[in-house]
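The chain contents come next:
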Amino acid sequence: MGTHMDLNLKGSKVIVSAGGSGIGLTIVQGFLAEGAEVATCDISPELVSQLRKNHPEVHCEEVDVADAKAVQNFTQSAIGQLEGLDCLVNNAGIAGPTSPIEEIQEADWERCLSVCLSSQYFFAKAAVSTLRKSENSSIINISSAAGKYGFAFRTPYSTAKWGVIGLTKSLAIELGPDQIRVNAILPGLVSGLAPEAAKSVLRFGFLELGLSEIVSFTAELNQPSIRVMQKIWMKCNPEDTFDHPKLPVNHPLQRHILYRSQKTDWLEHYETSEMP
């Protein structure tokens, strides 16, 4: 599993939304390591500045992905810098409020859905005409385990992530004839989450899934997850699975649903990760 694979990504042109930290930064670095050309954005000027410093080869801009016009402008700018586009990774997302439904404010609801769901529509709309020109085009949407199993007290986030699955399946069917693969990845909790947020997730979310004895879960989104993403790029083999030795293979915290663009069925893959 630790062996480097030549995935033929050298020179591939990739846009990753919200690539300044966390999952997005790991995705950016994973593609760079394979020789891809990458453009990304982030809402934080500090993270944009840091990414430009650490990866000067990456085209990076400050963008609020909930702003349709800003996404359109960035996407066209990135495509111009890359001189084309082969892959769009819709990664941007926020946690949203952790509250009972009657206490959730409308502005918080709308912001969460705008960032987690609407931004993926904005990016796909802006990128699809260029993706049609690629000989190996792909859209990868980051959803969540909450997008398949629900998440008590995290209703806006779970709703948005369920919407991502619907968007993915619909685009897979729509864009399959254009040879554009459209897939979704559903991560569980990853390291880097703020301590208080992690406590809220554990308290309100995992207990609802029957996971009553876990104190911490630090599934690093590193090489195992990058391999999952790379297999998507390579029109993954339906026989491949990735099993975590300490969790049942059907456990929602490590399940990934990968939708295929040229079929209406779906495949399940599993991510290996280290757990204390």
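Scroll up to find the structure this text is about.
Residues numbered from 1 in each chain as written. Predicted model: local features only at pLDDT ≥ 70, side-chain atom pairs only at ≥ 80, totals over all residues. Heavy atoms only, no water.

Caption draft 1: Layout of the packing of aromatic side chains. Under the criterion given, the structure shown has two aromatic pairs. Ring centres of F74 and F123 lie 6.3 Å apart, and the angle between their planes is 80°; this geometry places the pair in the edge-to-face category. Of the two residues, F74 is situated in helix α3 (residues 68–82) and F123 in helix α4 (residues 106–131); the sequence distance between them amounts to 49 residues. Each member of the pair F74 and F123 is classed as buried. Relative to F122, the ring of Y121 lies with its centre 5.4 Å away and its plane at 50°, an arrangement referred to as tilted. Here Y121 falls in the partly exposed class, since its relative accessible area comes to 41%. The exposure class assigned to F122 is buried, which follows from its relative accessible area of 17%. A cation sits over an aromatic face here: R154 above Y157, 4.8 Å from the ring centre. (Phe/Tyr/Trp six-rings, centres within 6.5 Å; stacked < 30°, edge-to-face > 60°. Helix = DSSP H or I, 4+ residues; strand = E, 2+ residues; numbered from the N terminus. Buried < 20%, exposed > 50% of the residue type's maximum accessible area, 1.4 Å probe, protein only. Lys NZ or Arg CZ within 6 Å of the ring centre and 35° of its normal.)

Caption draft 2: Broad picture of the pairing of strand β6 (residues 180–185). In terms of burial, β6 is a largely internal element, six of the six residues being buried. Side chains I180, V182 and A184 project from β6 onto one buried face, and the interleaved R181, N183 and I185 project onto a second face that is buried too. The pairing of strand β5 (residues 137–142) with β6 spans six bridges and is parallel. In the strand pairing of β6, S137 is matched with I180. (Pairing = 2+ DSSP bridges.)

Caption draft 3: Looking closely at the sheet that holds strand β1 (residues 13–16). Taken together, six strands build an open sheet; the order of strands is β3-β2-β1-β4-β5-β6 and the sheet is parallel. Sheet topology places β3 (59–62) and β6 at the edges, where each strand pairs with a single neighbour. Each adjacent strand pair in this sheet contributes to an overall mean axis angle of 15°, direction not counted. Across the sheet, α4 is in contact with β1, β2 (37–42), β4 (87–90), β5 and β6; its angle to β4 comes to roughly 180°. (Axes fitted to C-alpha atoms, helices over the stretch in contact; angles between N-to-C directions. Contact = heavy atoms within 4.5 Å.)

Caption draft 4: View of the environment of E62. Relative to the helices and strands, E62 is located in strand β3. Placed 22 residues apart in sequence, E62 and T40 show a C-alpha to C-alpha distance of 9.0 Å. When sequence neighbours within four positions are dropped, the list of residues in contact with E62 reads D42, I43, P45 and V48.

Caption draft 5: Just the nonpolar core, in detail. Counting 27 residues, the largest nonpolar core has I15 and F123 as its most contacted members. Secondary-structure elements contributing two or more residues to this core are β2, α3, α4, α6 (155–175) and β6. For this core, the leading source of residues is α4, giving seven residues. Contacts of I15, omitting those with residues within four sequence positions, involve A39, F74, T75, A78, I79, L82, L85, C87, L88, V89 and F123. (Core = buried A, V, L, I, M, F, W, Y, C linked by side-chain atoms within 4.5 Å.)

Caption draft 6: Representation of helix α1 (residues 22–33). Its 12 residues give α1 an end-to-end C-alpha distance of 17 Å, which sits within 8% of 16 Å, the value for a rise of 1.5 Å per residue. Among the residues making up α1, those that are buried are I23, G24, I27, V28, G30, F31 and L32. Two residues or fewer after α1 comes G35, characterised by a positive phi angle close to 90°. (Expected span 1.5 Å × (residues − 1).)

Caption draft 7: Representation of unusual backbone geometry. Residue F153 is not a glycine yet carries a positive backbone phi of 70°. Here F153 lies in the loop between α5 (146–149) and α6. A relative accessible area of 32% places F153 in the partly exposed class. Despite not being glycine, Q179 shows a phi value in the positive range, around 65°. Tracing the sequence through the fold places Q179 in the loop between α6 and β6. Accessibility expressed as a relative area gives 46% for Q179, which makes it partly exposed.

Caption draft 8: Broad picture of the packing of α4 against α6. At a minimum axis distance of 7 Å, the contact between α4 and α6 shows a crossing angle of 15°. For the element pair α4 / α6, the angle class is roughly parallel. In terms of crossing hand, the pair formed by α4 and α6 is right-handed. Only T155, P156, Y157, T159, A160, K161, G163, V164, L167, L171 and L175 of α6 make contact with α4, whose side of the interface consists of W109, C112, L113, C116, L117, Q120, Y121, A124 and V128. Per-class residue counts for the contact of α4 with α6 are 15 nonpolar, four polar and one charged. (Parallel < 35°, antiparallel > 145°, perpendicular 65-115°, else oblique. Left-handed = near helix turned anticlockwise from the far one by under 90°. Nonpolar A, V, L, I, M, F, W, Y, C, P; charged D, E, K, R; others polar.)

Caption draft 9: Layout of the pattern of salt bridges. Scanning the entire structure with this criterion turns up three salt bridges. The shortest N-O distance in the salt bridge between E37 and K13 comes to 3.6 Å. One end of the pair, E37, is in strand β2; the other, K13, is in strand β1, and 24 residues separate them in sequence. The exposure class assigned to K13 is buried, which follows from its relative accessible area of 17%. A salt bridge links R111 to D64, with the nearest nitrogen and oxygen atoms 3.2 Å apart. Placement of R111 in helix α4 and of D64 in the loop between β3 and α3 is noted, with a sequence separation of 47 residues between them. Since its relative accessible area comes to 33%, R111 is described here as partly exposed. Overall, D64 belongs to the partly exposed group, its relative accessible area being 29%. (Salt bridge = Lys/Arg side-chain N within 4 Å of Asp/Glu carboxyl O.)

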